[in-house]
Amino acid sequence: MKTTDLYLLGLGGLATLSLAGCTDRKPAARPMNILYIMTDDHTAQMMSCYDRRYASTPNLDRIAREGVRFTNSFVANSLSGPSRACMLTGKHSHKNGFYDNTTCVFDGSQQTFPKLLQQAGYETAIVGKWHLESLPTGFDHWEIIPDQGDYYNPDFIRQTGDTVRNEGYITNLITDKALAWLDAERDPEKPFCLLVHHKAQHRNWMADTCNLTLYEDRTFPLPETFYDDYAGRPAAAAQEMSISSDHDMDVIYDLKMYRTSDSSRLKELYEGMIGRMNPDQRAAWDRFYDPLIAEFHRTNPQGRERAEWKFQRYVRDYLKTLKSLDDNVGRLLDYLDSTGLAGNTLVVYTSDQGFYIGEHGWFDKRFMYEESMHTPLVMRLPGGVQGDIDQLVQNIDYAPTFLELAGAEIPDDIQGRSLLPLLRGEKSADWRPALYYHFYEYPAEHMVKRHYGVRDNRWKLIHFYNDIDHWELYDLKTDPHELHNRYDDPACAGERARMIDELLRLQRQYDDTLALRMNGDFQSKD
Ligand code: SGN
Ligand code: CA
């Protein structure tokens, strides 16, 4: 009998049936609640349980300490909308139909895990960033921000269809709404699945006024690859996500060096954002930034000095924004503790993808190179194992994990794999040997070319296509920063052939027919 069956029997007042013969009557097992917290553009280099160089994230680390840290967690398509669609459906982009942020509308009539959880007796809710163009389906309750939303005094779209401006800072507000639903609005008789989707850490990293002065006395180490020359990697050379380029990382919009007399590509966007602030918020903002702006114009750094000044400002803003995020995750964990829900709730923390913090000289994501494809993932399952889980996992795995936890059937067309056996410490000898990736949003902002590829525990093969036909192969063991493309290196011919076979195998398994056609000569190889 599944846990859900026990629960349903319990609801019908028949719980004792499953305990027939017992003298000591225990309550029926309740299905586990699910609290899924997903941030935007939060990368593992900025989470202290993964990397101690920059951030201190005690609340996020607590989930890992009391549960598990996945050391090899990746996304299938490193961009917000596509990642969310993969997560909701348990399928790669070519199956859920949401390939990119710019041209797609999520088909809300398709199968998603929240809908299947509803059928299994769960109450489902989402608050925060949605970013799938159509309105949410499969949720008993939802309140979302339009598109990317705003850090200050943001609008929220309600289930009634109204768009309502809320006074305050986005990360606090999303958490307030999540807590309000948990505490007073949900049906306490049903297990819940709540998705808390933050706007933070998305560009342009506008911190709460109470955190503005943090980290100003710190100078952070430049990543080893900050001055990458992109040799042997033409797609990496063609991107527009360079910290040093003022076209890509805007001094006004991204780094807040705003004067009405100056101009920049994204100045108007920034004016819209500070224009939303109330007088107190704006006064605190200007009090902090005005002296920095004056200093910036006085020193007017150029060349490498300017690039490194931009890096320091970027990291500080990112960390200040992260402080609110970590504090607010703490509020949710405290609530679970104080209500006793912690003992019966799976807590998941992840991001919609990784992000570059100066590696290769970049911000943003999109590429299959490690810092973007790799994604923080920590989970706390009551009664589950603790420590690190090293298997290769991907965001298409969340849907089947939650379904199995709920005791629901996992439909055959779901492409991900349940992580529950790993969370329960069961043997997993036949775990997948490699992961598949496919990025489509090109031509578009940041100009990262279309590509797909495969990553196993040591090697990575990437094919950039569309207006380029270029293959790359990396040995992550000897070249973890992916600086040396070994595709044409005769010493790697064996690994190259093996990885091409693995790529074709996965493209067939996942039925990515477009990609199979892009393989050129290899497609006929069967
Ligand atoms: C915005 C940002 C981009 C970012 C995309 C996608 N530009 O367009 O830098 O790559 O979102 O991000 S901005 O000028 O509007 O800030 S995603 O995480 O939502 O996919
Ligand atoms: Ca994102």
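Residues numbered from 1 in each chain as written. Chains lettered and ligands numbered in written order. Predicted model: local features only at pLDDT ≥ 70, side-chain atom pairs only at ≥ 80, totals over all residues. Heavy atoms only, no water.

1. Considering the sheet that holds strand 13 (residues 434–439)
Part 1 of the reasoning: The strand order across the open sheet built from four strands is 13-14-15-16, with neighbouring strands paired in antiparallel fashion. The sheet is open, and its two borders are formed by strand 13 and strand 16 (470–475), each paired with just one other strand. Along the sheet, successive strands turn relative to each other by an average axial angle of 10 degrees, direction set aside.
Part 2 of the reasoning: Pairing of strand 15 (residues 459–464) with strand 16, which is carried by six bridges, proceeds in the antiparallel orientation. Of the residues in strand 16, the one forming a bridge with His463 is Trp471.
Part 3 of the reasoning: Packed onto the sheet, helix 14 (residues 493–509) meets strand 13, strand 14 (451–456), strand 15 and strand 16 and runs at close to 110 degrees relative to strand 14. (Pairing = 2+ DSSP bridges. Helix = DSSP H or I, 4+ residues; strand = E, 2+ residues; numbered from the N terminus. Axes fitted to C-alpha atoms, helices over the stretch in contact; angles between N-to-C directions. Contact = heavy atoms within 4.5 Å.)

2. Focus: the domain arrangement of the protein
Part 1 of the reasoning: We note that the domain assignment places domain 1 (33–205 + 322–425), domain 2 (212–314) and domain 3 (436–524) within the protein.
Part 2 of the reasoning: Its C-alpha centre places domain 1 at a distance of 28 Å from the equivalent point of domain 2.
Part 3 of the reasoning: Taken together, the 27 residues of domain 1 in the interface contact 31 residues of domain 2.
Part 4 of the reasoning: Of the roughly 2,700 Å² buried between domain 1 and domain 2, counting both surfaces, carbon and sulfur atoms make up 54%.
Part 5 of the reasoning: Per-residue buried area on domain 1 facing domain 2 is highest for Tyr152, Asn204 and Phe363; these three make up 23% of the total on that side.
Part 6 of the reasoning: Run the count over domain 1 and domain 2 and you get three salt bridges. (Domains from an automatic or database assignment. Buried area = accessible area lost by both parts, 1.4 Å probe. Salt bridge = Lys/Arg side-chain N within 4 Å of Asp/Glu carboxyl O.)

3. Side note on the nonpolar core
Part 1 of the reasoning: In this structure, Met46, Leu194, Val196, Trp285, Tyr314, Leu319 and Tyr349 are the most contacted members of the largest nonpolar core, which totals 76 residues.
Part 2 of the reasoning: Here this core gets 13 residues from one element, more than from any other, and that element is helix 10 (residues 303–339).
Part 3 of the reasoning: Both domains that furnish three or more residues to this core are identified here as domain 1 (33–205 + 322–425) and domain 2 (212–314).
Part 4 of the reasoning: Grouped together as the second largest cluster of nonpolar side chains are 46 residues, Ala85, Phe139, Trp142 and Leu422 included. (Core = buried A, V, L, I, M, F, W, Y, C linked by side-chain atoms within 4.5 Å. Buried < 20%, exposed > 50% of the residue type's maximum accessible area, 1.4 Å probe, protein only.)

4. Side note on the site of ligand 1
Part 1 of the reasoning: Around ligand 1, 19 residues are found, and the nearest of them are Tyr253, Asp364, Arg366, Glu445 and His446.
Part 2 of the reasoning: In this structure, Ser80 approaches ligand 1 through a main-chain N or O atom, which is 2.8 Å from an oxygen atom.
Part 3 of the reasoning: His202 places a side-chain nitrogen or oxygen 3.0 Å from an oxygen atom of ligand 1.
Part 4 of the reasoning: Coverage of ligand 1 by the protein chains reaches 88% of its 460 Å² of free accessible surface. (Near = heavy atom within 4 Å. Polar contact = N/O pair within 3.5 Å; in protein donor to acceptor, adjacent residues only side chain to side chain. Areas by Shrake-Rupley, 256 points an atom, 1.4 Å probe, with all protein chains shown as cover.)

5. Things to note about the packing of helix 2 (residues 58–66) against helix 10
The axes of two packed helices give the description: the angle between them and the distance between them.
Part 1 of the reasoning: Where helix 2 meets helix 10, the closest approach of the two axes is 7 Å, and the angle between their N-to-C directions is 50 degrees. The orientation of helix 2 relative to helix 10 falls into the category oblique. In this structure, helix 2 contributes Pro58, Asn59, Leu60, Arg62 and Ile63 to the contact, and helix 10 contributes Asp326, Asp327, Val329, Gly330, Leu333, Asp334 and Asp337.
Part 2 of the reasoning: When the residues that make up the contact of helix 2 with helix 10 are grouped by side-chain class, the tally is five nonpolar, two polar and five charged. (Parallel < 35°, antiparallel > 145°, perpendicular 65-115°, else oblique. Nonpolar A, V, L, I, M, F, W, Y, C, P; charged D, E, K, R; others polar.)

6. Some points on the coordination of the calcium ion (ligand 2)
Part 1 of the reasoning: Only Asp40 (OD), Asp41 (OD), Asp352 (OD), Asp352 (OD) and Gln353 (OE1) from the protein reach the calcium ion (ligand 2) as donors, at distances of 2.2 to 2.7 Å.
Part 2 of the reasoning: Because the angles between the six donor atoms bound to the calcium ion (ligand 2) fall within 52 to 171 degrees, the donor set is best described as irregular.
Part 3 of the reasoning: Donor residues for the calcium ion (ligand 2) sit on one chain with the sequence pattern D-D-x310-D-Q. Of this pair, Asp41 sits in the loop between strand 1 (33–39) and helix 2 while Gln353 sits in the loop between strand 9 (345–351) and helix 11 (370–373), and the two are 312 residues apart along the sequence. (Donors = N, O, S within 2.8 Å, 3.2 Å for Na, K, Ca; no water. Tetrahedral: all angles 85-135°; square planar, octahedral: opposite > 155°, others 65-115°.)

7. Topic: the packing of helix 9 (residues 279–299) against helix 10
Part 1 of the reasoning: Between helix 9 and helix 10, whose axes approach to 13 Å, the crossing angle comes to 170 degrees. Relative to helix 10, the element helix 9 lies roughly antiparallel. On helix 10, the residues touching Phe288, Tyr289, Leu292 and Phe296 of helix 9 are Arg306, Trp309, Arg313, Asp317 and Lys320.
Part 2 of the reasoning: Classifying every residue of the contact of helix 9 with helix 10 gives five nonpolar, no polar and four charged.

8. A closer look at the environment of His484
Part 1 of the reasoning: Secondary-structure assignment places His484 in the loop between strand 16 and helix 14.
Part 2 of the reasoning: Along the chain, His484 and Leu473 lie eleven residues apart, while their C-alpha atoms are 8.2 Å from each other.
Part 3 of the reasoning: Among all residues touching His484, those that are not within four sequence positions of it are Leu473, Tyr474 and Asp479.

9. Let's talk about the packing of aromatic side chains
What characterises a pair of aromatic rings is the spacing of the ring centres plus the angle enclosed by the ring planes.
Part 1 of the reasoning: Within this structure, the stated rule accounts for 33 aromatic pairs.
Part 2 of the reasoning: Between Phe226 and Phe311 the ring centres are 5.5 Å apart and the planes differ by 65 degrees, which places this aromatic pair in the edge-to-face class. One end of the pair, Phe226, is in the loop between strand 8 (192–197) and helix 7 (234–238); the other, Phe311, is in helix 10, and 85 residues separate them in sequence.
Part 3 of the reasoning: Judged by relative accessible area, which is 0%, Phe311 ranks as buried.
Part 4 of the reasoning: Ring pairs connect the aromatic residues Tyr230, Tyr356, Trp362, Phe367, Tyr369, Phe464 and Tyr474, which therefore count as one cluster.
Part 5 of the reasoning: Positioned above the aromatic ring of Phe156 is the side chain of Lys177, whose terminal nitrogen or guanidinium carbon lies 4.4 Å from the ring centre. (Phe/Tyr/Trp six-rings, centres within 6.5 Å; stacked < 30°, edge-to-face > 60°. Lys NZ or Arg CZ within 6 Å of the ring centre and 35° of its normal.)

10. Remarks on helix 6 (residues 170–185)
Part 1 of the reasoning: Among all positions of helix 6, only Ile170, Thr171, Leu173, Ile174, Thr175, Lys177, Ala178, Leu179, Trp181 and Leu182 are buried.
Part 2 of the reasoning: The inward-facing, buried residues of helix 6 abut strand 4 (123–129), strand 5 (141–145), strand 6 (155–158), strand 8 and helix 10.

11. A word on the pattern of salt bridges
Opposite charge on two side chains allows them to pair when their charged atoms are near.
Part 1 of the reasoning: One pass over the structure, following the stated rule, counts 45 salt bridges.
Part 2 of the reasoning: One salt bridge connects Arg203 with Asp254, and the closest N-O pair in it is separated by 2.7 Å. A residue pair is termed long-range when its members are at least 10 positions apart, and Arg203 in the loop between strand 8 and helix 7 and Asp254 in the loop between helix 7 and helix 8 (267–274) qualify at 51 residues.
Part 3 of the reasoning: On the accessibility criterion, Asp254 (0% relative accessible area) is buried.
Part 4 of the reasoning: With its nearest N and O atoms 2.9 Å apart, the salt bridge here joins Arg486 to Asp489.
Part 5 of the reasoning: Owing to a relative accessible area of 23%, Arg486 belongs among the partly exposed residues under this scheme.
Part 6 of the reasoning: One network of salt bridges, with partners in common, ties together Asp41, Asp364, Lys365, Arg366 and Glu441.

12. What about the environment of Met241?
Part 1 of the reasoning: Mapping Met241 onto the fold places it in the loop between helix 7 and helix 8.
Part 2 of the reasoning: Note: C-alpha distance between Met241 and Val448 (207 residues apart in sequence) is 8.7 Å.

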